Structure formats: structure tokens, C-alpha cells
Amino acid sequence: MGNNVYTLGADFSTQSVKIVLLDIHKNEVVYTSKFDYDRIFPEYKTTGGSLESDIPEIRHTSPYMLIEVLEYMFEKIKKDGFDPSHILAYKAGGMQHCTIYADKSFEEKIKNLDTEWDIINQVRPCITRKTVPIWEDRSPVEQAKILTEKLESQGGIINLTGNKAELRFPAPQIMKWAKESPEEYNNTAHIFLFSAFLTSILAGKITPVDTGDGWGTNLNSLDIKSPGWNKEVLSAVNSYLKDIGLETPLQEKIGGITHYDDVVGKINPYFIKRYGANADAIILAGTGDNPATLLGCGGNIVVSLGSSYTVNGVMKKIIPSKKGEYNIFGYTKGKAMALCCITNGAKLHDYFLKKYIPSSMDKDISISHWREYTKIPGNSILKKDEKLMLPYLFNESVPVCKSGIVREDFDENDVRTNIRALHVSQCLSIRSHSSHLNRVKNICIVGGQSKNPFLRQMVTDVFKAKSYSIKNADFAAPIGCAISGARHLMNISYKKAGKLYMLKDKSTVLKPIRKNVSTIKHLLKRYADLENKHIQQQG
Ligand code: XUL
């Protein structure tokens, strides 16, 4: 095997899977691969990884496809010339909040997988829910309300779990499903968070969910030092289930919850026999994509400028958001993190790019269109009378607002003003909704729009902090998973692992522009006034 010791980090996200192999002695990522569900598995007819639905609030995917993609990952690694026998630790992350449902035969099945057959052929009969909700699903409105009401007299769901009853979280999702499909509820022995489901197959046994993903359920207790489920919430859910005629309490189906990065087992013999995996390889508890991204970026503060923008960082003292502007998840052992998700992120730039550069929504966008677009905002020195906008192309979650772009005294056809106002206003919005962050000294900026130089400078300026991006910035989540494995194998601290394996892209390091500091103070006030006025008008 020589000197090559790899850890595998994988991120099973909404649209695609991204994997990395990290060489723990050479301190470098030696392999990255990304594959889209729509392209690899056209037979499931997904678009952007989710199934078609007539009801916009319902967003499901296929659990069968998610099982197939795990097997595909091993095939792809081998096909690309990497030998799985060199991988000594595996950690899977995934889109948060997605749940997978299996019957009582599942445990025996994954323990004794037959290498003559693909996993899907053996596990298919164990799956009890044929399509499963992903984080974009917003359908269990009634159940979120009931859960909130039932817990009011006990201090409220926010104080009990750290989060308000979120439509995308498993508790309301499971309640809705149980009401609509009681037979499926009764036939289900295991309800998994997606990351724990993948990890269970990797380890050949039922494995617990970690706090990173388990706190995104509305079912967790708030004691980060001793992970567990919340008794009050469980009894509220169980009383709802009872009311609809279901006797089996939820806790019998949801398995355990453990610390981030706990070792939960060794690799399933199936992968040894079928793909030549190393029999000594360990499996770490799976996690959500957001905690994994935070670790992959060095564990400070991450601003991810993807199709939605997220702003997240370690939360030293756990203080839940009263207004529900951010969520709290578990992070590395004994720590929590807070995350705010602004729905109208890079989608706005895609829209403006099409609207203003080729001036047609039907034309294909080329790299030269994008370059032209990113030059339009112009000089990074801000003026007190910058034009501002509320960039809500879609309904916004932070702050909660209906769709509709609000322009402050300028015309929709003024190309330069629209594009500059969008860039400036998005960064003011990110800053004004970041009360969940501890003192910001360094920010890691990732996601597609991190390649937009004006936007990156504005993020740096609004936080008055240094910023950087990382090498392979699109792979921050799988890199985070691979770093966890490396930290464990090398028996080092997270700090040391961050230093060794988080590779800053030196060409991206930025400092705040001094001249902008006082102007930004003024602009933040103007932006807050504009936003408040609009929210009040909406009622
Ligand atoms: C976080 C959330 C999303 C998904 C995306 O609460 O819903 O960021 O994790 O994969």
C-alpha cells in the first residue's frame, strides 16, 4: 500500500454527490469527483435531484436512487484508478433533514449483503416509504403548528430544541406522513436521517445520527455535551400519533443520537469483498452538509454564496433565535453552530445576468457574459447614497417576505444601477442578519459566487474581517468529512487538523477597505429602514 493513506469524505447533496480522497501524509486532496443524479440515473426522472410534483410545497426524492448512488461512488473511485484498499476512514455527509424509512428486516439485510448482487436489489424490499421528503419540502404546515402549540406550555419548541418548528424538519414531516399513511408508519421500524442511513449501509449495522444532523429534526434535546432526544417533544409527537390512532411511539423508530465524528464501526464486509475496501477502515458518524462545510473551511465562519446564501459559524453560547432567523445544529464534540439561510442568493445573479447581459432569458450564458457581468458593479469604494434594493425574486426566508424586487428610486431598465445595487444590498442583508455569529475575525467565502470579486470584497467589508477561500472551494463539505477522518487517524486536535488539511487559496485573501467602514455603517442603517418599511407594508 506504500505511503498512500486516504480518508474519504462524501457529500450527498440535493442534486449531486461530491467526493474527495485526502492523502493524510501528503496533506493534499488527491482526488475529487462530482456526479449528478439526473445524469447518472435518468430512469428516476429527477430534475435537480428531486421528483416532479404538482404541488409546489411537496419536494421529494427517491430513496432507491440514493441507495444506488452509494454503490456508484465505489464504482466511480475504482473506475478513476483509485484503489479503495488505501482508504482507512469514511465519513458521509448529506443534505440535511431528508429522512429514509425501512422495515425491521433492514438491519439483517445490510449486515449480510450478498456480493453477487447490487445493494439496491437486496435492500429494495426493506424500504417502506417509496418517495421521501427533502429539505426543500414545505408541506407539513398543519403539523408544525400543532407541534408548536402542544409545546407552548412547556417553554416552547425553540427553547426546548434550539429551533422553531421548521416545515423541512423531520418531526412535522413524520407527523404528516403518519397521518396520511398510517400503514406505512406501522410497517416502519427505522426512520433515518439520510446521513445515518448511508452510514448504516457503510458500516453494515444501524448507526446513530450525529448532533450535526440530529439537531435539525425538532426532536433533539439541547444538551450538546450529552446528545439525546427531547422527552417533551417526543411525548407531544406521540400524543398526536395517538390521536390519529397510532400506538407505537416515535422513539422506537428513530434510533440513537451521538457526538459529531464518533467512530460508529468498521467498513461493511460487502465493500471489502466487492470493491477491495480495506478491512481496517473505520466509519465515522455521518453528518449534515452544513457542519461538514464549516469544518472543511477551517471551522471559523463560512459565508457560502451558493444558489441560496448561508452564513454560519460556531456558536459558543447556545442562544436560539427568537425570530427564527437562524437554525442551531450540533457541531464537533461539545460545540454547536448557527446557520442562517437566505433563500434569494445566487439565483438573483443568474436572473440578472440573463436579463441584463444577453438581454434574453432564453439565450445560453457564456463565461464571457459572466465576466462582463461581474465588472459592471465597478469601483469597490462605496458611497453614502448607493442605490439599494430588496432582492426578493422568490419568497424570502430571512427576513420572511413575499417575492417581489423592491428598487429604491431607480428604474428596472438601468442596467448598471440594478446590478450594483444587487451586489451591495445582498451583502448588507447578509450582515444585518448575522446576529448569530460570535466576533468575526476571519471569514471563509465559498460557493459559486465566491468567484465574483466585487461580491467577495463587499462581504469582507461588511464584516470588517479578513476573508479567504479554500482550494477546491466547491468541495468544502466532502473536504470537511475527509478532515474528520484524517484527524481521527492521526489522533490530533481539530485545530491541528485544520492547519494541516484546510488549504487556503492564498490568491483569494482579502482585507476590508478602510474607506468603506463608516459608509457601511450608514448603509446598514438605510438598508434596515428600507427592509422594515417593506415588511410593515406587507403586514
Ligand atoms: C439547512 C438546509 C440546507 C440543506 C442543503 O438547514 O436545509 O442547507 O442542508 O443541503
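Just so you know, these numbers come straight off a predicted model, no measurement behind them.

Reading the values: rules and limits
- Residues numbered from 1 in each chain as written.
- Predicted model: local features only at pLDDT ≥ 70, side-chain atom pairs only at ≥ 80, totals over all residues.
- Heavy atoms only, no water.
- Helix = DSSP H or I, 4+ residues; strand = E, 2+ residues; numbered from the N terminus.
- Rg over C-alpha atoms; globule rule 2.2 N^0.38 Å.
- Buried < 20%, exposed > 50% of the residue type's maximum accessible area, 1.4 Å probe, protein only.
- Contact = heavy atoms within 4.5 Å.
- Areas by Shrake-Rupley, 256 points an atom, 1.4 Å probe, with all protein chains shown as cover.
- Lys, Arg positive; Asp, Glu negative; His and termini not counted.
- Charge placed at Lys NZ, Arg CZ, Asp CG, Glu CD.
- Near = heavy atom within 4 Å.
- Polar contact = N/O pair within 3.5 Å; in protein donor to acceptor, adjacent residues only side chain to side chain.
- Nonpolar A, V, L, I, M, F, W, Y, C, P; charged D, E, K, R; others polar.
- Core = buried A, V, L, I, M, F, W, Y, C linked by side-chain atoms within 4.5 Å.
- Pairing = 2+ DSSP bridges.
- Axes fitted to C-alpha atoms, helices over the stretch in contact; angles between N-to-C directions.
- Salt bridge = Lys/Arg side-chain N within 4 Å of Asp/Glu carboxyl O.
- 1 Å grid on protein atoms, 1.4 Å probe; cavity = no way out; pocket = protein on both sides within 12 Å on 5 of 7 lines; lining within 4 Å.
- Points joined across faces, edges and corners; volume = space filled by probe spheres on them.

Engineer: Got a minute to help me understand the overall build of the chain in this structure?
Structural biologist: Of regular secondary structure, the chain possesses 20 helices and 26 strands. Its C-alpha radius of gyration of 23 Å places the chain within 12% of the 24 Å reference for a compact globule of 539 residues. Seen through its principal axes, the chain has C-alpha atoms that stretch 65 × 60 × 45 Å. Looking at the 539 residues of the chain, the share that counts as buried comes to 58%. Long-range contacts, defined as pairs at least 24 residues apart, comprise 74% of the intrachain contacts of the chain with a sequence gap of at least 6. Roughly 22,200 Å² of accessible area belongs to the chain as shown, and the carbon and sulfur atoms make up 49% of that amount. Each charge class in the chain was averaged separately, 71 positive and 58 negative side chains, and the resulting centres sit 9 Å apart.

Engineer: Before we go on, may I ask you to explain the site of the ligand in this structure?
Structural biologist: As a matter of local geometry, the ligand sits amid Met95, Gln96, His97, Trp135, Arg168, Asp289, Asn290 and Phe329. In this structure, Arg168 approaches the ligand through a side-chain N or O atom, which is 2.7 Å from an oxygen atom. Residue Asn290 places a side-chain N or O atom 3.0 Å away from an oxygen atom belonging to the ligand. If the ligand stood free it would expose 290 Å²; the protein chains cover 93% of that surface. When its residues are assigned to classes, the shell around the ligand shows 3 nonpolar, 3 polar and 2 charged.

Engineer: I keep staring at the nonpolar core and nothing clicks. Help me out?
Structural biologist: Core analysis: the biggest nonpolar cluster contains 125 residues, and Phe12, Met73, Tyr90, Leu250, Phe271 and Phe463 have the highest contact counts within it. When residues in this core are grouped by element, the largest group, 10 residues, is from helix α2 (residues 63–79). The contacts of Tyr90, once residues within four sequence positions are left out, are Leu8, Phe74, Pro84, Leu202, Ile267, Ala277, Ala281, Ile282, Ile283 and Leu284. The next biggest cluster of nonpolar side chains, apart from the first, holds 34 residues, and it includes Leu295, Val446, Ile470 and Ile479.

Engineer: Explain the sheet that holds strand β16 (residues 301–305) here, please?
Structural biologist: Strand pairing within a sheet occurs via backbone hydrogen bonds; the two strands may be parallel or antiparallel. Overall, mixed pairing links the 7 strands, which are arranged β18-β19-β17-β16-β24-β25-β26 in an open sheet. Two strands lie at the open edges of the sheet, namely β18 (327–330) and β26 (504–510), each paired on one side alone. Strand-to-strand, the axes of this sheet are offset by a mean angle of 25°, without reference to chain direction. Bridge analysis of β16 against strand β17 (residues 309–315) gives 5 bridges, and the strand direction is antiparallel.

Engineer: Even after reading the chapter, I still don't get the pattern of salt bridges, so can you show me in this structure?
Structural biologist: Note on pairing: side chains with opposite charge can pair once their charged atoms come close. Under the criterion given, the structure shown has 20 salt bridges. Its salt-bridge partner being Glu166, residue Lys164 comes within 3.5 Å of it at the nearest N-O pair. We classify Glu166 as buried; its relative accessible area is 9%. Taken together, the shared-partner salt bridges connect Glu71, Asp118 and Arg274 into one network.

Engineer: I keep staring at the layout of surface pockets and nothing clicks. Help me out?
Structural biologist: Where empty space is left can be seen by rolling a probe of water-molecule size over the atoms. Its volume calculated, the second largest pocket comes out at about 1,000 Å³. Along its surface, the second largest pocket is lined by 31 residues, and Gly298, Gly299, Asn300, Val314 and Lys495 are the ones closest to its centre. Listed by contribution, the elements that provide at least two residues to the lining of the second largest pocket are β17, α19 (494–501) and β26. Examining the composition of the lining of the second largest pocket, we find that 4 residues originate from one element, α19, more than from any other. Here the lining of the second largest pocket is composed, by residue class, of 12 nonpolar, 8 polar and 11 charged.

Engineer: Mind showing me how you'd approach the side chain of Asn230 here?
Structural biologist: Relative to the elements of secondary structure, Asn230 occurs in the loop between α10 (211–214) and α11 (231–243). The residues contacting Asn230, other than those within four sequence positions of it, are Leu160, Thr161, Leu219, Asn220 and Ser221.

Engineer: Sorry, what's going on with empty space enclosed by the protein here?
Structural biologist: If you walk through the whole model with that rule in mind, you get 2 cavities of 30 Å³ or more. When its volume is computed, the largest cavity comes out at roughly 60 Å³. Elements with a contribution of two residues or more to the lining of the largest cavity: β20 (389–392) and α16 (415–432). At 3 residues, α16 tops the list of elements feeding residues into the lining of the largest cavity. By residue class, the composition of the lining of the largest cavity is 8 nonpolar, 3 polar and 1 charged. Quantified by volume, the second largest cavity comes out at close to 50 Å³. If you go around the second largest cavity, the residues you meet are Val29, Gly296, Ile470, Lys471, Asn472, Ile479, Tyr501, Met502 and Leu503. In terms of residue class, the lining of the second largest cavity is made up of 6 nonpolar, 2 polar and 1 charged.

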